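One-letter residues, chain by chain:
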Amino acid sequence: VLIVDTIGILTKIYSEADIAYVGGGFGNPGVHNLLEPAIFGVPIVLGPNYSHFAEATAMVNLRGCDVISNENELKETFDNLIQNSDIRAEKGHICSTFVKMNTGALETILEYISKRTRYENFKSTLITICYSTSCTTRWHVDSFIIAGNE
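Just so it is clear, the structure is predicted and the values come from calculations on it, not from any experiment.

Looking now at the packing of helix H4 (residues 71-83) against helix H5 (residues 85-101). At their nearest, the axes of H4 and H5 sit 5 Å apart, and the two run at 100 degrees to each other. As summarised for this structure, H4 and H5 are arranged roughly perpendicular, according to the angle between their axes. Two secondary-structure elements touch here, H4 through Asn-80, Leu-81, Ile-82 and Gln-83 and H5 through Ser-85, Ile-87, Arg-88 and Lys-91. Looking at the contact of H4 with H5 residue by residue, the classes come out as 3 nonpolar, 3 polar and 2 charged.

Any empty space left between atoms is shown by rolling a water-sized probe over those atoms. By volume, the largest pocket amounts to about 1,000 Å³. Lining the largest pocket are 27 residues, with Leu-2, Val-4, Leu-10, Tyr-14 and Tyr-21 positioned closest to its centre. Of all the elements in the fold, those that place two or more residues in the lining of the largest pocket are helix H1 (10-14), strand E1 (20-22) and H4. The greatest single-element share of the lining of the largest pocket, amounting to 4 residues, is contributed by H1. Looking at side-chain class alone, the lining of the largest pocket contains 15 nonpolar, 6 polar and 6 charged residues.

To continue, consider the side chain of Lys-91. Assignment of secondary structure puts Lys-91 in helix H5. Under the relative-accessibility criterion, Lys-91 is labelled buried at 12%. Among the polar contacts made by the side chain of Lys-91, one reaches the main-chain carbonyl oxygen of Arg-63 at a distance of 3.0 Å. Residues contacting Lys-91, with those up to four places away along its chain left out, are Pro-43, Arg-63, Gly-64, Asp-66 and Leu-81.

Our focus in this paragraph is the sheet that holds E1. Two pairing modes exist for strands in a sheet, parallel and antiparallel, and in both the strands are linked by backbone hydrogen bonds. Ordered in space as E1-E2-E3, the 3 strands form an open sheet in which the pairing is parallel. Both outer strands of the open sheet, E1 and strand E3 (65-67), are each paired with one neighbouring strand and no more. The mean inter-strand angle of the sheet, taken between neighbouring strand axes irrespective of direction, is 30 degrees. Sheet topology places E1 next to strand E2 (residues 44-46); 3 bridges connect them, and they run parallel.

Looking at where Ala-58 falls in the secondary structure, it is placed in helix H3 (residues 54-61). Exposure remark for Ala-58: the relative accessible area of 22% places this residue in the partly exposed category.

With that settled, consider the nonpolar core. Counting residues in hydrophobic clusters, the biggest one holds 19 residues, and the most contacted among them are Val-22, Val-31, Leu-34, Ile-44, Leu-46, Met-59 and Cys-65. The set of elements that each furnish at least two residues to this core consists of E1, helix H2 (35-39), E2, H3 and H5. Once residues lying within four places of it in the same chain are set aside, the contact partners of Val-22 are Tyr-14, Val-31, His-32, Asn-33, Leu-34, Pro-37, Ile-44, Val-45 and Leu-46.

Peptide bonds are trans in most cases, and residues, glycine excluded, mostly fall at negative phi. Omega for the bond connecting Asn-28 with Pro-29 falls within 30 degrees of zero, at 10 degrees, which places this linkage in the cis form. One can find Pro-29 in the loop between E1 and H2. In the Ramachandran plot, Arg-63 falls in the positive-phi region, its phi being about 75 degrees despite a non-glycine side chain. Note on placement: Arg-63 falls in the loop between H3 and E3.

Reading guide: rules and limits
- Residues numbered from 1 in each chain as written.
- Predicted model: local features only at pLDDT ≥ 70, side-chain atom pairs only at ≥ 80, totals over all residues.
- Heavy atoms only, no water.
- Axes fitted to C-alpha atoms, helices over the stretch in contact; angles between N-to-C directions.
- Helix = DSSP H or I, 4+ residues; strand = E, 2+ residues; numbered from the N terminus.
- Parallel < 35°, antiparallel > 145°, perpendicular 65-115°, else oblique.
- Contact = heavy atoms within 4.5 Å.
- Nonpolar A, V, L, I, M, F, W, Y, C, P; charged D, E, K, R; others polar.
- 1 Å grid on protein atoms, 1.4 Å probe; cavity = no way out; pocket = protein on both sides within 12 Å on 5 of 7 lines; lining within 4 Å.
- Points joined across faces, edges and corners; volume = space filled by probe spheres on them.
- Buried < 20%, exposed > 50% of the residue type's maximum accessible area, 1.4 Å probe, protein only.
- Polar contact = N/O pair within 3.5 Å; in protein donor to acceptor, adjacent residues only side chain to side chain.
- Pairing = 2+ DSSP bridges.
- Core = buried A, V, L, I, M, F, W, Y, C linked by side-chain atoms within 4.5 Å.

Written as structure tokens, this is what we have:
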């Protein structure tokens, strides 16, 4: 068991994990980012407060995540996942497939912009796009230079 209370290293840890308990599910506004462990095919356990997050709701409905409401359910869920590698693999596959099936938003946005915008009288333009990796408030900014006609 590894308990982490540090920012910036979870991706490295999730890539080696067998099971992930993602915190926040017992508080407000709710569960933390599930996409980080999901992309690595890690089965996820979370608390009951997840309904405000579309990706959490979807992965729970697909049965990639287990929801617990108390200590006994946590123990039972962990025992089941630890003892059953096939169940771990199946849930992990559901999670990673969900992420892979829902990628490409940035490319779609750039394609939309490039098809609907006329660039005239400039050599290049800088486009900055803010996007969220989940339904939380973790926003990222990418900048792209799109070459125009000289």
